[in-house]
Amino acid sequence: MAASCDSKLSCRREHVDELLDRLSTQFLEMVPIRKMKWKDEETAVLVATAQLQQRVLQATVLHPVCRLHPPALSYRTTFMKQLVHKLEQLGAEVCDEVYETYTDLLMQREDEEDMLCYKNYTLPWGEKVSLQESVNLVSQGTTGLSTWQAAQHLAEWVLENPDILREKQVVELGCGLGLTGVVVCRACSIQSYTFTDCHAQVLFLLAKNIERNLALPCADNRLASGAENGCARERKMMRKIKRQLSLTSDKTDGAAASASDRISNHDVGDTEVEVMTSPTKSITTDLEEKPEEDEDVSVSEDIGNVAGVRLEVSAAHWDLDETGQIATLRADPSIRICYLNWEQCQDRVAEQLEADVILGADVVYDPSIIPSLVCLLRQLLEPGPGKPNKKAFIASTVRNEDTRDAFLIALSSEGLSYSVVEGPQEVYFHYERMVPIEILEITAP
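The rules behind each value
- Residues numbered from 1 in each chain as written.
- Predicted model: local features only at pLDDT ≥ 70, side-chain atom pairs only at ≥ 80, totals over all residues.
- Heavy atoms only, no water.
- Helix = DSSP H or I, 4+ residues; strand = E, 2+ residues; numbered from the N terminus.
- Expected span 1.5 Å × (residues − 1).
- Pairing = 2+ DSSP bridges.
- Axes fitted to C-alpha atoms, helices over the stretch in contact; angles between N-to-C directions.
- Contact = heavy atoms within 4.5 Å.
- Core = buried A, V, L, I, M, F, W, Y, C linked by side-chain atoms within 4.5 Å.
- Buried < 20%, exposed > 50% of the residue type's maximum accessible area, 1.4 Å probe, protein only.
- Phe/Tyr/Trp six-rings, centres within 6.5 Å; stacked < 30°, edge-to-face > 60°.
- Lys NZ or Arg CZ within 6 Å of the ring centre and 35° of its normal.

Enquirer: Looking at this structure, how should I read helix H5 (residues 73-89)?
Expert: Two residues of an α-helix separated by three or four positions point the same way, owing to the 3.6 residues in each turn. Helix length check: H5 (17 residues) gives 24 Å between terminal C-alpha atoms against 24 Å at 1.5 Å per residue, within 8%. Phi turns positive one or two residues past the end of H5, at Gly91, with a value near 70°.

Next comes the structure, spelled out in structure tokens:
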């Protein structure tokens, strides 16, 4: 009898731990509150006692990762509002700590600092990948300041197929804020990895995300505040980005709705907004701002400059080449960042990038740049000495069949072969899976 009771107690504890773990990973990844997998019967289990309610807080808003790399303030506040609502619906006695935590969040003022937040993705072995992202889907004329579904899908596929990248030189096109690349560097025994993008703000935040996740010990996944902010010029750069994100969050709403080619449903808290935009095309606004008196004017120019970007990276973490457009991570010289504009690249770029495998996620979005993308793929896939079997794996959310068809036709016209590969079988990250995501394997003859 006693053994039976102990077994039931153990099972109940395991069930609670499983529910808390699932809730925690969704919260830290900023899964929209109304889409969280959190059934009422599960809520009843988790909030039955004051001690369990405190464990819910410790798994979410009071989690050590949340304290260090917090999701958006509006998201945390909405979560606590929903938690209190669920507790009251169930007729549970709400413990004081829940009310105190909710009140503390309500008293915080959302300002330009909150235009950037953290999304913390949980790897299969429990480590976190913490990325600083914009709270807005469209920011500063690019969607590269947020992580898209195809990047998460490709990262899941990489986790299931590490041997494909083993001892390979990998180049990622349109890497955005770095989720796929960080996962590859953590999970695969690669020879080298080069992150590429063409937007100055994306490249700046990408460098900080790489430093946060790959340059320092992963055990506590932290950066000291002084090291994170870097030198005075970097602090100015970050301050400028946050200020511009704050100002443009209101002014770009109309422009984002009229921009073309990329369609996605993006949830913020409990609201869902449909936007259409192209990641590399600028959204024109009437925003003009004067630099602060203590601010180097060249910093503001660098931020919005897309053509001929000179990388803004921390000298403590990166070594720049003579062009200022390729940076090598000091802690791991096999990791590089490269400014790469598909529409302006030349044949020599392929030689500099030295790719065995090319990755890309959500890079097929705009028919007007497909020719440039395919031309670049052809260059990178050109067989070289000791590299006869190069491959590209491109993950795309199929939002527009015409755009997909245009990409496939362009591949064929350049003499490139393609086939659809089987997607990931396991679910590691939480993202919208209703829209189909396709991974193409592309090779040269």
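Here the narrative resumes.
Enquirer: Is there a simple way to think about unusual backbone geometry in this case?
Expert: Of note in this structure, Met30 is not a glycine but carries a positive phi near 60°. Positionally, Met30 belongs in the loop between helix H1 (2-28) and helix H2 (40-46).

Enquirer: Looking at this model, I keep getting lost on the sheet that holds strand E13 (residues 437-443). Mind explaining?
Expert: Picture the strands of a sheet paired through backbone hydrogen bonds; they go either parallel or antiparallel. Spatial ordering of the open sheet is given by E7-E8-E9-E4-E3-E10-E11-E13-E12, a layout of 9 strands whose pairing is mixed. The strands lining the two open edges of the sheet, one partner per strand, are strand E7 (318-320) and strand E12 (417-421). Pairs of neighbouring strands in the sheet enclose a mean axial angle of 20°, with direction left out of account. Pairing geometry for strand E3 (residues 169-173) and strand E10 (residues 357-361), over 4 bridges, is parallel. Bridge pairing links Val170 to Val357 in E10. Sheet strands in contact with helix H7 (residues 149-160) are E10, strand E11 (391-397), E12 and E13, and its direction is about 135° off that of E11. Helix-sheet contacts for helix H9 (residues 200-215) involve strand E4 (192-197), E7, strand E8 (326-329) and strand E9 (335-339), and the interaxial angle to E9 is about 175°.

Enquirer: Before we go on, may I ask you to explain the nonpolar core in this structure?
Expert: Soluble, globular proteins show a tendency: their nonpolar side chains are buried together. Ranked by internal contacts, the top residues of the largest apolar core, which has 50 residues, are Leu165, Ile210 and Leu359. Not counting residues up to four positions away in its chain, the partners in contact with Leu359 are Leu154, Leu165, Val170, Val171, Glu172, Leu173, Thr180, Val184, Tyr193, Phe393 and Ile394. With 37 residues, the next largest nonpolar core counts Leu62, Ala72, Leu73 and Tyr75 among its residues.

Enquirer: Sorry if this is basic, but what is going on with the environment of Lys81 here?
Expert: Mapped onto the elements of the fold, Lys81 is located in helix H5. Residue Lys81 is classed as exposed on the basis of its relative accessible area of 53%. Spatially, the C-alpha atom of Lys81 lies 9.9 Å from that of Thr103, the residues being 22 residues apart in sequence.

Enquirer: What's the story with the packing of aromatic side chains in this structure? I'm lost.
Expert: Here a ring pair, both rings aromatic, is described through the centre-centre distance and the interplanar angle of the planes. Counted under the stated rule, the structure contains 5 aromatic pairs. Each ring, one from Tyr121 and one from Phe429, has its centre 5.8 Å from the other, and the planes form 85°; the classification is edge-to-face. Of the two residues, Tyr121 sits in strand E1 (residues 116-122) while Phe429 sits in the loop between E12 and E13, which places them 308 residues apart along the sequence. Given a relative accessible area of 0%, Phe429 falls into the buried group. Ring centres of Tyr193 and Phe195 lie 4.7 Å apart, and the angle between their planes is 55°; this geometry places the pair in the tilted category. Each member of the pair, Tyr193 together with Phe195, is buried. Ring pairs connect the aromatic residues Phe27, Tyr75 and Phe79, which therefore count as one cluster. Seen from the ring of Tyr431, Arg433 lies directly overhead, with NZ or CZ sitting 3.9 Å from the centre.

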